[in-house]
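Inside the fold
The chain contents come next:
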Amino acid sequence: MIIVLGLLSFTIAKQRALLYLQNNEPLRSMPVYHGLYVSLWAFLIPFFLIILFLTFKANYLNYLVTPYLSEETISLGSEEIMYVKNFLINNISNLNNLINSGFISEADSNSLIEKYQNSRLISFIFVIVLSIVLSFVSYRKLSVRFDARRRVESILKFIFFIFSTIAVLTTIGIILSLIFETLRFFSQVGFFDFVFGTHWSPQTAIREDQVGSSGSFGAIPLFTGTLLITAVAMSIAAPLGLYSAIFLSQYAKPKTRDFLKPILEILAGIPTVVYGFFAALTVGPFVRSCGEYIGLTVATESALAAGLVMGIMIIPYVSSLSDDVMTAVPLSLRDGSLALGATQAETVKKVIIPAALPGIVSALLLAISRAIGETMIVVMAAGLAANLTANPLSAVTTVTVQIVTLLVGDQEFDSAKTLAAFALGLMLFVITLALNVFAMIIVRRYRERYE
Amino acid sequence: MDKELENNNIIENKALIECKNVDVFYANQQALFGINLNIGEKEVTSLIGPSGCGKSTFLRCINRMNDVIDICRVEGSIKISNEDIYHPDIDVVELRSRIGMVFQKPNPFPKSVYDNVAYGPKLHGRILHKDDLDEKVEKSLERAGLWSEVKDRLSEPGTSLSGGQQQRLCIARAIAIDPSIILMDEPCSALDPIATAKIEELIDELKDNFTITIVTHSMQQAARVSQRTAFFHLGKLIEVGDTEKIFRSPDHEQTEAYVTGRYG
Ligand SMILES: Nc1ncnc2c1ncn2[C@@H]1O[C@H](COP(=O)(O)OP(=O)(O)OP(=O)(O)O)[C@@H](O)[C@H]1O
Ligand SMILES: [Mg+2]
């Protein structure tokens, strides 16, 4: 409805501005901006109002139904009251169905419905009237000299500011909640035991009197596991991704490139679960039988299998981005090198890659972040055993996998086991953040030198 | 037929580059039509003509940089020192290492000034000792008239120099591979008059040791730096001759119109 009003006011204001133009009056802003200015007023404020209404609707309904609760219900515990209230609220538009079941009397139902509908009507009318009033007021402000363009721009600027603030605040909120839960965790488990502990077995007892009720929360095995698998994955993805990027950007004909690049990118679009069972059912056993063949004992669930598959999964992260930056290296540099009698390979090695290095580095770091955060493949292919080892042939586990297993299953929300998930999450976040900052520093230093 | 005669008239017996019936196609579009042009040794030849007439295309034929463009096809014969450079046995990389090229826009590599100049010599492995390389870099920069300006900034990135310095750096880079021929495609189009003057001076000095072919849009520049001038129009070579003659009393009306500025 207010959209319609907004559009309507847009056309009216634009028409009027066009009229000025037809009369050869020197209009200061384009007619479109006149239209936009009025319609923004007619639309935006009511729009925010509606959002406000929706936000407080629950509270209001709560307040509305309170007098209609039966004595019986009130005498019950607070949980039941909540339950009944919610039931009423959810069915408020067809309360009549509930009369038969004796949940609410007919008189009560009618008056509740009436109140509810009145309030809806009032808020609706309020919004419409506000919209009309605002558009009228702003319409009156229009004139030949009126600088609508600048006004519209500042309104839009304000809107964008609000949106970006929302995004930033959400992020900050998430981080803060992570930090607070982590602090709670550290009130139960020592900081050093967590960060430097080498033993991970988060089994806390369900009953106090159970044996071994306090688990140990040493995170080192998890992080070495993550590191190990990431290293394996990168040793696959970095060379394969880089070489395919070099091929795509320097050697392939445009047609081949247009054909191959999307195919490579599909690799990134395959659900990780699929990679997971591929790793668990195909690669894992294959790695083991290979190992046996040359006389090595390999666990069915091995870091190697998970890392290999993960490496394949993140190839496109390396190749696609590196290809983009290498293609973006000016042709004049390539030609300059070729004209000096360099072969194509020499040109790639000595000119193209150095020039594209910042992009390549960030591509690699992006791939690393992706590998660190990956969960599914590891759950399925690398196992859950928190071994502290550097041997890629044994089963390991990673931070993300443990977060999942910590939170799956019945646990009190504030047990050390659950809170450990937040602590792990925070550490993971800090690590990826550090990686990103590191990447940024490299890129910036490089830029300063060469731009 | 009579055009060919004319060209033949001006052929000097010591032509270094001989082009016969060179046709160039971009996909199905023909860009050059039967070019017969001989370029003399140790002199400056300038190529002039309206935009899009194929000067750059012709220049790129000489060091086979057209090979880099997928859709480009070159026909006819081009000989350098009586050797057909489009013969299948010719090693393109080796050919290019004998020909320096300077591009329209300065394109220093994102490396230090020193490494920019040392790039070619290192590549061809002709210089193995660090001292010799230092000397080579210094000499090349000196010949490009840049040494005094950058001798304290050798480790700074080449891209941090001014536009004119960058272009002279590119010239130094081209000289450093000891080419016998230097091709320049509008080397001054991005430069101010002072930098331009410096480069023109430089070209004048270089012609004692190198065969230089330069594309330019400036008549004055062609008149100042070149001994011979070739006028291209719509992919055809209209006229070639001593610079003085081309600018004073060209045989063709079109040439006259162009050099006197009556042409668009
Ligand atoms: N890479 C290319 N692909 C397709 N066509 C091209 C290409 N390069 C040049 N051409 C065409 O060939 C013709 C000659 O171009 P060329 O660049 O040689 O002209 P030019 O004389 O150097 O012009 P200018 O003085 O503007 O540099 C033009 O019609 C141009 O459109
Ligand atoms: Mg050109």
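Residues numbered from 1 in each chain as written. Chains lettered and ligands numbered in written order. Predicted model: local features only at pLDDT ≥ 70, side-chain atom pairs only at ≥ 80, totals over all residues. Heavy atoms only, no water.

Let us now look at the sheet that holds strand 2 (residues 29-40) of chain B. Residue and element names in this part refer to chain B. The strand order across the open sheet formed by four strands is 2-1-4-5, and the pairing between neighbours is antiparallel. Of all the strands in the sheet, just strand 2 and strand 5 (83-84) have a single pairing partner and so form its edges. Bridge count between strand 1 (residues 15-26) and strand 4 (residues 72-80): eight bridges; the pairing is antiparallel. Within strand 4, the residue paired with Tyr26 across the bridge is Cys72. Its contacts with the sheet put helix 2 (residues 55-62) on strand 1, strand 2 and strand 4, and the angle it makes with strand 1 is roughly 120°. (Pairing = 2+ DSSP bridges. Helix = DSSP H or I, 4+ residues; strand = E, 2+ residues; numbered from the N terminus. Contact = heavy atoms within 4.5 Å. Axes fitted to C-alpha atoms, helices over the stretch in contact; angles between N-to-C directions.)

With that settled, the discussion passes to the site of ligand 1. All names here are of chain B. Close contacts around ligand 1 come from 14 residues, with Ser51, Lys55, Ser56, Thr57 and His217 the closest. Tyr26 places a polar side-chain atom, nitrogen or oxygen, 3.3 Å from a nitrogen atom of ligand 1. Side-chain polar atom of Glu186 to an oxygen atom of ligand 1: 3.2 Å apart, as the coordinates give it. Protein contacts shield 64% of the accessible area of ligand 1, which totals 620 Å² for the unbound molecule. By residue number, the principal contributor to the shell around ligand 1 is helix 2, which donates four residues. (Near = heavy atom within 4 Å. Polar contact = N/O pair within 3.5 Å; in protein donor to acceptor, adjacent residues only side chain to side chain. Areas by Shrake-Rupley, 256 points an atom, 1.4 Å probe, with all protein chains shown as cover.)

Below, the discussion takes up the state of the cysteines. Among covalent bonds in proteins, the disulfide is the one between the sulfur atoms of two cysteines. Evaluated as defined, the whole model comprises zero disulfides over all chains. Distance from the sulfur of Cys188 of chain B, which forms no disulfide, to the nearest cysteine sulfur (Cys170 of chain B) is 12 Å. (Disulfide = S-S within 2.5 Å.)

The subject of this paragraph is the packing of helix 9 (residues 220-251) of chain A against helix 12 (residues 303-328) of chain A. Where helix 9 of chain A meets helix 12 of chain A, the closest approach of the two axes is 6 Å, and the angle between their N-to-C directions is 35°. The two elements helix 9 of chain A and helix 12 of chain A meet at a crossing, and its hand is right-handed. (Left-handed = near helix turned anticlockwise from the far one by under 90°.)

In this section: the nonpolar core. Residue and element names in this part refer to chain B. Membership of the largest hydrophobic core comes to 36 residues, with the highest contact counts inside it found for Ile17, Leu37, Phe58 and Phe232. Top element by residues in this core is strand 1. It accounts for six residues. Here Ile17 is in contact with Leu37, Asn38, Ile39, Ile62, Ile78, Lys79, Ile80 and Ile181, once residues within four sequence places are set aside. Counting residues in hydrophobic clusters, the runner-up holds 35 residues, among them Val137, Val150, Cys188 and Leu206. (Core = buried A, V, L, I, M, F, W, Y, C linked by side-chain atoms within 4.5 Å. Buried < 20%, exposed > 50% of the residue type's maximum accessible area, 1.4 Å probe, protein only.)

Let us now look at the domain arrangement of chain B. Residue and element names in this part refer to chain B. Each assigned domain of chain B is listed here: domain 1 (1-98 + 180-188 + 201-264) and domain 2 (109-178). Computed over C-alpha atoms only, the centres of domain 1 and domain 2 are separated by 27 Å. Listed by partner, the interface residues are 10 residues for domain 1 and 11 residues for domain 2. When the two sides are added together, the surface that domain 1 and domain 2 hide from each other amounts to roughly 830 Å², 64% of it contributed by carbon and sulfur. In terms of surface lost to domain 2, no three residues of domain 1 exceed Ser97, Leu202 and Phe210, which account for 52% of the buried area on that side. The tally of links between domain 1 and domain 2 comes to zero salt bridges. Counting the contacts that link domain 1 with domain 2 gives one residue pair in polar contact (both at pLDDT 80 or more). Counting only elements with at least two residues in the side of domain 1 that touches domain 2, the list comes to strand 7 (181-185) and helix 8 (193-206). (Domains from an automatic or database assignment. Buried area = accessible area lost by both parts, 1.4 Å probe. Salt bridge = Lys/Arg side-chain N within 4 Å of Asp/Glu carboxyl O.)

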